[in-house]
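Breakdown of the fold
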Amino acid sequence: METLSANRAHGGTQGVYRHDSAVTGTAMTFSVFVPDASAGVKLPMLWYLSGLTCTHANVTEKGEFRAACAEHGVIFIAPDTSPRGEGVPDAEGYDFGQGAGFYVDATEEPWSANFRMKSYIEDELPALIAAEFPATDLMRQAITGHSMGGHGALTIALSNPDRFRSVSAFSPIVSPLHCPWGEKALGGYLGNDKGEWRPYDACALIDDGARVTDILVDQGDADQFLTEQLKPELLEKACADAGIALTLRMQPGYDHSYYFISTFMADHVAWHAERLKN
């Protein structure tokens, strides 16, 4: 692991790092904020998965999470959204290819060689974090994300309920099976059999029996993608039918941007910290 930068902030260290990933076959960059802690103290972790077109840098520079993470003693980890670089396939448009990994393990060529973000987030990067950051407590992990990253947070948490104590999201894509972004991405990465898409759709996972205790979602009611792409009412129905306690907060006047995310980030950090205490 190579350290690209390290800066003091809010009584902790904000670092940006790079490593060669065996899973994606590329160099991958990620950021980690570690609050100061006494020697030997293990801190819980909050994973943040970013949305379309983003890298680790968007939330690192604009998310305003550090003060809350320092207050609650929570490590904040922000991976990239896809493999990148020469030789990595790409496509025209912002919603497929590099910057749009959708947190799936692709099965279709040419994407399957590199686009394995599910395995990267679930397996390879956590192992690296555990090896390189001795303050981490792998028994206490939480996950959140924005838009495409909200989709990733929900599906990964629902698929690994024994690993994540809590899950939240900002304006998530709740059902890729029922929106243009999801149809394009899942069709391209996984093929045309929609049965193969279900493990990457939060509502389908819940319908198929996946469970978590509770979910927090913040959604701006002025979000330009609300009606066509995000459809939070589908998650609301799925959770109600399954008995999952969903707190869906429709925030008046807020859009899809980091102005929205940064406004409610401290709420999410505190919500996760409460569930990570024990």
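Below, the structure is looked at part by part. (Residues numbered from 1 in each chain as written. Predicted model: local features only at pLDDT ≥ 70, side-chain atom pairs only at ≥ 80, totals over all residues. Heavy atoms only, no water.)

Turning next to the environment of Asn 160. Looking at the secondary structure, you find Asn 160 in the loop between helix H4 (148–159) and strand S7 (164–170). Residue classification places Asn 160 among the buried positions, given a relative accessible area of 11%. Once the C-alpha coordinates of Asn 160 and Lys 42 are considered, the two residues, 118 residues apart in sequence, prove to be 22 Å apart. (Helix = DSSP H or I, 4+ residues; strand = E, 2+ residues; numbered from the N terminus. Buried < 20%, exposed > 50% of the residue type's maximum accessible area, 1.4 Å probe, protein only.)

Attention shifts here to helix H8 (residues 232–242). Those residues of H8 not exposed but buried are Pro 232, Leu 235, Ala 238, Cys 239 and Ala 242. Seen end-on, H8 carries its buried residues on one side only, within an arc spanning 120 degrees. In H8, those exposed residues whose orientation departs by more than 90 degrees from the buried face are Lys 237, Ala 240 and Asp 241. Contacts made by the buried residues of H8 are with H4, helix H6 (202–207), strand S8 (214–220), helix H7 (226–230) and strand S9 (245–251). Just downstream of H8 lies Gly 243, where phi reads positive at about 75 degrees. (Arc of directions from axis to C-beta. Contact = heavy atoms within 4.5 Å.)

Right, let's talk about the sheet that holds S8 for a bit. Across the sheet, which stays open at both edges, the nine strands sit in the order S1-S2-S3-S5-S4-S6-S7-S8-S9 with mixed pairing between neighbours. Pairing within the sheet leaves two strands with one partner each, and these edge strands are strand S1 (2–9) and S9. If you compare each strand with its neighbour and ignore which way they point, the axes differ by 20 degrees on average. Across three bridges, strand S3 (residues 27–35) lies against strand S5 (residues 75–78) in antiparallel orientation. The residue of S5 that forms the bridge with Ser 31 is Ala 78. The sheet contacts of H4 involve strand S4 (43–49), strand S6 (136–145), S7 and S8, and relative to S6 the element is tilted by about 135 degrees. (Pairing = 2+ DSSP bridges. Axes fitted to C-alpha atoms, helices over the stretch in contact; angles between N-to-C directions.)

Throughout the structure, instances matching the rule amount to 16 aromatic pairs. With 4.4 Å between their ring centres and 25 degrees between their planes, Phe 96 and Tyr 189 make a pair best called stacked. Note that Phe 96 is positioned in the loop between S5 and helix H3 (117–132) and Tyr 189 in helix H5 (residues 180–190), a separation of 93 residues in sequence. Phe 96 sits in the buried class, given a relative accessible area of 8%. Tyr 189 sits in the buried class, given a relative accessible area of 0%. Ring geometry for Phe 115 and Tyr 189: centres 5.4 Å apart, planes at 25 degrees, overall stacked. Of this pair, Phe 115 sits in the loop between S5 and H3 while Tyr 189 sits in helix H5, and the two are 74 residues apart along the sequence. Look at Phe 115 and you get buried, because its relative accessible area is 0%. Through successive ring pairs, a cluster of aromatic residues spans Phe 33, Tyr 48, Phe 65 and Phe 76. When the ring centre of Phe 65 is taken as reference, the NZ or CZ atom of Arg 66 above it lies at 4.8 Å. (Phe/Tyr/Trp six-rings, centres within 6.5 Å; stacked < 30°, edge-to-face > 60°. Lys NZ or Arg CZ within 6 Å of the ring centre and 35° of its normal.)

By secondary structure assignment, the location of Val 174 is in the loop between S7 and H5. Leaving out residues up to four positions away in the same chain, Val 174 has contacts with Asp 201, Ala 202, Cys 203, Leu 230, Lys 231, Pro 232, Leu 234 and Leu 235.

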